[in-house]
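Residues per chain, in single letters:
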Number of protein chains: 2
Amino acid sequence: MMDPLKEQPVGSIAVIFISELSPDNRGYPEMSDRMAALAEEQTGFLGWVSLRGDAGLGITISWWRDRISALEWKQVAEHRLAQRLGSERWYRRWSLQVCTIDESRVFDRMAVEPE
Amino acid sequence: MMDPLKEQPVGSIAVIFISELSPDNRGYPEMSDRMAALAEEQTGFLGWVSLRGDAGLGITISWWRDRISALEWKQVAEHRLAQRLGSERWYRRWSLQVCTIDESRVFDRMAVEPE
């Protein structure tokens, strides 16, 4: 995972993916790792972050330079297969939002009060 | 927490807040609960989701009907105090992105293959 607290440019794209895992997670951890590695190779990829809670609820955010690069990632053949398996097997529910970043701020205490 | 997988309207606002907790979390859990309850009372509030991983990394997303309601929430006095304490005490780093939702999809397997 690249630094998930990096500032992202205004006008770039955030893809918010929220999911509930089903009990059947055969092959899921491997596919998840593979998709992360594959996304990082895509043109326009800016970063990602992913957390999953105890109740099976997960949040993954990926950032993309523009709408085209986010759309190209959606169409990558191996990623399409993962999406299909996701809906057939791994996820009970999911929601996906493609968003344009209007405003972006970061805070780092070390920059304010160096130790 | 309201249903975090609910479909959000195109044109509404997602606020992505990612944070790294500092070791000093005095008062943090109480404030966090209070802010969630207070946000739910705001005009234009659509929902939120929050997860924190073992390494202290957290993701909170809140959804708002429009930019005005997101901005009004930022300005609520009690929330401003929480923001100040956050940067002074609880968070080592954070990043915040205000985004417009361009596209929104949801999937529910029960709707596809009823049990």
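Before any of the text, the structure's been laid out above.
Structure report, in brief. (Residues numbered from 1 in each chain as written. Chains lettered and ligands numbered in written order. Predicted model: local features only at pLDDT ≥ 70, side-chain atom pairs only at ≥ 80, totals over all residues. Heavy atoms only, no water.)

Here we come to the packing of helix H2 (residues 67-75) of chain A against helix H3 (residues 77-90) of chain A. All names here are of chain A. Put simply, H2 and H3 touch, their axes get as near as 5 Å, and they point 70° apart. Classified by the interaxial angle, the pair formed by H2 and H3 is roughly perpendicular. Of the residues in H3, those in contact with Trp73, Lys74 and Gln75 of H2 are Ala77, His79, Arg80 and Gln83. (Axes fitted to C-alpha atoms, helices over the stretch in contact; angles between N-to-C directions. Helix = DSSP H or I, 4+ residues; strand = E, 2+ residues; numbered from the N terminus. Parallel < 35°, antiparallel > 145°, perpendicular 65-115°, else oblique. Contact = heavy atoms within 4.5 Å.)

This next bit is on the relation of the copies chain B and chain A. What connects the two chain copies is a rotation about an axis and a shift along it. Once turned by 180° and shifted 0.0 Å along the axis, chain B lies on chain A with an RMSD of 0.0 Å. Viewed as a symmetry operation, the transformation between the two copies matches a two-fold axis. Interface overlap between copies: 100% of the residues of chain B at the interface are likewise at the interface in chain A, consistent with a symmetric, same-surface contact. (Least-squares fit on C-alpha atoms with pLDDT ≥ 70 in both.)

As a further point, take the pairing of strand S2 (residues 45-52) of chain B. Residues and elements named next belong to chain B. Where burial is concerned, most of S2 is hidden: six out of the eight residues are buried. Across seven bridges, the pairing between S2 and strand S3 (residues 57-64) is antiparallel. When the sheet's bridge partners are listed, tryptophan 48 is paired in S3 with serine 62. Between S2 and S3, which follow one another and run antiparallel, lie four residues, and glycine 56 among them has a positive phi close to 90°. (Buried < 20%, exposed > 50% of the residue type's maximum accessible area, 1.4 Å probe, protein only. Pairing = 2+ DSSP bridges.)

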